[in-house]
Each structure stands twice: as structure tokens, then as C-alpha cells.
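Observations on chain architecture
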Amino acid sequence: MAKQTALERLEQLGKQRREHQAALDALALPLKVAILDALAAGASATEVAEITGLHRSRVYQIRDGKR
């Protein structure tokens, strides 16, 4: 019984993770565009990182078209 309960919980959490990932994926492109717009408008990578919660290195990767 404990195994079945654990597997059901795991299945539920897996489903939630997939739904959460889908929501993040849907935001990825608009977020990248907004970051590029902010940088083009003169915002620093530090400002963008602070506002978005991303690391500066990730902001640089987006700016440089990497990953």
C-alpha cells in the first residue's frame, strides 16, 4: 500500500512539474524579447538581472544569442 501511495504522489508531482514547465516555456520568448528591448533601450545587464531574477551571465547569453 505504501508503494502505491508513493507512486501516486510521484505521478501527481510529475504532472505538476510538466504543467509548470509548459508555463515557463510559454514565457521564455516574450521574456527574451523584453530583455533585448530593455538592453537596447540602455538598461544595464545588472538592472535587467535584478528585475528578472536572472544571473547577469544569463542576461549576457541572451544578449549574445547563445543558448
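Details of the structure are given in the entry above.
Attention in this report is confined to the structure presented alongside it. (Residues numbered from 1 in each chain as written. Predicted model: local features only at pLDDT ≥ 70, side-chain atom pairs only at ≥ 80, totals over all residues. Heavy atoms only, no water.)

Secondary structure assignment for the protein chain yields 3 helices and 0 strands. When the elements of the protein chain are put in sequence order from the N terminus, they spell out α-α-α. Relative to its length of 67 residues, the protein chain is extended, with a C-alpha radius of gyration of 18 Å against a globular reference of 11 Å. Its C-alpha atoms give the protein chain principal-axis dimensions of about 60 × 20 × 20 Å. Considering the protein chain as a whole, with its 67 residues, one finds that 13% of them fall into the buried category. Only carbon and sulfur atoms are counted for the fraction: they give 58% of the accessible area of the protein chain, which is about 5,500 Å². (Helix = DSSP H or I, 4+ residues; strand = E, 2+ residues; numbered from the N terminus. Rg over C-alpha atoms; globule rule 2.2 N^0.38 Å. Buried < 20%, exposed > 50% of the residue type's maximum accessible area, 1.4 Å probe, protein only. Areas by Shrake-Rupley, 256 points an atom, 1.4 Å probe, with all protein chains shown as cover.)

So, about helix α2 (residues 45–52). Since there are 3.6 residues in each turn of an α-helix, residues three or four apart along the chain are aligned in direction. When we look at burial in α2, the residues that qualify are Ala45, Val48 and Ala49. The buried side chains of α2 occupy one side of the element, clustering within an arc of 100° when seen end-on. More than 90 degrees from the buried face of α2, the exposed residues found are Glu50 and Ile51. Structurally, α2 contributes buried residues whose contacts are with α1 (2–40) and α3 (56–63). Phi turns positive one or two residues past the end of α2, at Gly53, with a value near 85°. (Arc of directions from axis to C-beta. Contact = heavy atoms within 4.5 Å.)

This is a description of form; function is not addressed.
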